[in-house]
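The chain contents come next:
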Amino acid sequence: MPRPKKPRCVSRLPNCTYFKPAGIPIYELEEVVLEVEEMEALRLKDLLGWEQVHCAVQMGVSRPTFQRILVQARRKIAEVLTFGKSLRIEGGTYNLDKNRPACPNCQFLLELESSSCPNCDGRQKRPERVE
């Protein structure tokens, strides 16, 4: 029996959770499900352009685990685009992490004791935590 998945840290949920090709009725389409943590991996690496080690720290996983999440997400996106399938973003094993302070420059979630951002090397003081 495999070990249970450790929840990944996700900083935000996607605004839109369903995509489909134009002009094809939804009932004719096959659906691919992209998990929330896979979407977060794509956002951090491909949209924000962070290094994998920083992405892994942000999500609370090892770098090899982050790589596996990213490869799986990219494969699903390629499948959707290549074969004209619909995409639903839902599910997965994640924790929504809203209580950690974020870097004012790059929005990297900081550790509570951190005084500088490991992602952008900003030497700014961490923002005060609002409760």
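Heads up: the structure comes first, above all this text.
Note that the structure is a prediction, hence the values are computed from the model and not measured.

### Some details on helix α1 (residues 36-47)
- Looking at α1, one finds that the buried residues are Val36, Glu37, Glu38, Glu40, Ala41, Leu42, Arg43 and Leu44.
- Check the buried side of α1 and you find it contacts β1 (8-10), β3 (31-34), α2 (52-59), α3 (63-83), β4 (86-89) and β5 (94-96).
- Once α1 ends, the next one or two residues include glycine 49, with phi positive near 75°.

### Looking at the environment of glycine 60
- Relative to the assigned elements, glycine 60 resides in the loop between α2 and α3.
- Between the C-alpha atom of glycine 60 and that of proline 7, which follows or precedes it by 53 residues, the distance is 8.3 Å.

### Examining the nonpolar core
- Within the largest apolar cluster, 17 residues are counted, with the highest numbers of intra-cluster contacts made by Leu34, Ala41, Met59 and Phe66.
- Elements represented by at least two residues in this core include exactly β3, α1, α2, α3 and β4.
- Per element, the largest residue contribution to this core is five residues, and it comes from α3.
- Excluding residues within four positions of it along the chain, alanine 41 makes contact with Asp46, Met59, Phe66, Ile69 and Leu70.

### Considerations on the sheet that holds strand β2 (residues 18-19)
- Pairing within the open sheet is mixed, and its three strands lie in the order β2-β4-β3. Each end of this open sheet is capped by a strand with a single partner; those strands are β2 and β3.
- Bridge analysis of β2 against β4 gives two bridges, and the strand direction is antiparallel. The residue of β4 that forms the bridge with phenylalanine 19 is leucine 87.
- Across the sheet, α1 lies against β3 and β4, angled at about 75° from β3, the strand it touches most.

### Here we look at the environment of aspartate 46
- Note on placement: aspartate 46 falls in helix α1.
- Excluding residues within four positions of it along the chain, aspartate 46 makes contact with Ala41, Leu70 and Arg74.
- Among the polar contacts listed, one links the side chain of aspartate 46 to the side chain of arginine 74, at a separation of 2.4 Å.

What counts and how
- Residues numbered from 1 in each chain as written.
- Predicted model: local features only at pLDDT ≥ 70, side-chain atom pairs only at ≥ 80, totals over all residues.
- Heavy atoms only, no water.
- Buried < 20%, exposed > 50% of the residue type's maximum accessible area, 1.4 Å probe, protein only.
- Helix = DSSP H or I, 4+ residues; strand = E, 2+ residues; numbered from the N terminus.
- Contact = heavy atoms within 4.5 Å.
- Core = buried A, V, L, I, M, F, W, Y, C linked by side-chain atoms within 4.5 Å.
- Pairing = 2+ DSSP bridges.
- Axes fitted to C-alpha atoms, helices over the stretch in contact; angles between N-to-C directions.
- Polar contact = N/O pair within 3.5 Å; in protein donor to acceptor, adjacent residues only side chain to side chain.

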